[in-house]
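Examination of the molecular architecture
These are the residues of each chain, in order.
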Amino acid sequence: DVKVTQSSRYLVKRTGEKVFLECVQDMDHENMFWYRQDPGLGLRLIYFSYDVKMKEKGDIPEGYSVSREKKERFSLILESASTNQTSMYLCASSLRSLAREHTEAFFGQGTRLTVV
Amino acid sequence: KQEVTQIPAALSVPEGENLVLNCSFTDSAIYNLQWFRQDPGKGLTSLLLIQSSQREQTSGRLNASLDKSSGRSTLYIAASQPGDSATYLCAVRVSGSARQLTFGSGTQLTVLP
C-alpha cells in the first residue's frame, strides 16, 4: 500500500519561529511536492523536487525553502513564520516515469499549521 | 496557462441518488486526469486516474469519463451514500510541464440520509 506520511497533523507556532514540515514516502518516487490549501484559493504549489538535492519553485515560494537530502524525504521550511502562512500543507509524491500517462500522485494526510 | 473548473461548487443529494460531478479544463494537451476525494481537515485520496488515451475508468460505484477534445471530465457516483460526503477535486497533468498537476477548486458533496 502506497504511503506518504507527514510528520504532524497539527502544529501551532509563534510568529518568527523557524518551522520544519517533514514528508516521507515509501514508494521510491522521484518527484515530491509541497502544496498549501486555503479556502477560496484551492491548492497552490510551493516547491517541488524531481530528484535528490534538486528543487524547483512553484507558484508561491516566497517565505519558504525546501530540502531533499534523501530520496524518500522532502522537508518544507518556513524561515520565519508569519500569520499569513497559517494554512493546510499537503505533501505529494509521484513516479517520474517515461510513460507519463500512468503517473499518479499520492498525497499525505496534511498538516494544519497555525501561526500565532 | 491551464485552468481547471469544477461546477457546481457544492451539491446536496438524498441518499441513493446517482450523481455526476463535472470538471473542465482549457488546454487539451494533458497526460492524464486524476480525481481525488478530500474529507474535512484531511489529505487527498486518489480515486481514479484516466490516461489521455482512455475514455473512462471505473472503480466500484465510481465511473470517470474523459473527453480530451472538449476539455471535460465527469465523475459519476452510483447509489450515493452518506459516506460519500466529501470534497471531490479533479486535477490534470499538463503535457510538457514539470509542475505536474493543475487542480480544480473542488465540489463539496453532501449526501443526506
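Look up: the structure comes first, before these words.
Summary of the structure given here. In this text the structure is predicted, and so the values were computed from the model without any measurement. (Residues numbered from 1 in each chain as written. Chains lettered and ligands numbered in written order. Predicted model: local features only at pLDDT ≥ 70, side-chain atom pairs only at ≥ 80, totals over all residues. Heavy atoms only, no water.)

Some words on the sheet that holds strand β1 (residues 4–6) of chain A
Residue and element names in this part refer to chain A. One open sheet holds the four strands; their spatial order is β1-β3-β8-β7, and the pairing between them is antiparallel. Unpaired on one side and paired on the other, β1 and β7 (64–70) mark the two borders of the sheet. Across the sheet, the mean angle from the axis of one strand to that of its neighbour is 20°, orientation sign disregarded. Two strands pair when backbone bridges link them, and strand β3 (residues 19–25) and strand β8 (residues 73–78) are joined in this way by six bridges, in the antiparallel orientation. For V24, the partnering residue across the bridge sits in β8 and is R73. (Pairing = 2+ DSSP bridges. Helix = DSSP H or I, 4+ residues; strand = E, 2+ residues; numbered from the N terminus. Axes fitted to C-alpha atoms, helices over the stretch in contact; angles between N-to-C directions.)

With respect to the interface of chain A and chain B
Across the contact, 24 residues belong to chain A and 21 residues belong to chain B. Buried area between chain A and chain B, both sides added, is near 1900 Å², and the carbon and sulfur share of it is 51%. If you look at where chain A meets chain B, you find zero salt bridges. Put simply, chain A and chain B have seven residue pairs in polar contact (both at pLDDT 80 or more) between them. Going through the elements one at a time, β4 (31–38), β5 (42–49), β9 (87–94) and β10 (105–107) of chain A are the ones with two or more residues in the side of chain A that touches chain B. (Contact = heavy atoms within 4.5 Å. Buried area = accessible area lost by both parts, 1.4 Å probe. Salt bridge = Lys/Arg side-chain N within 4 Å of Asp/Glu carboxyl O. Polar contact = N/O pair within 3.5 Å; in protein donor to acceptor, adjacent residues only side chain to side chain.)

These figures capture arrangement, not role.
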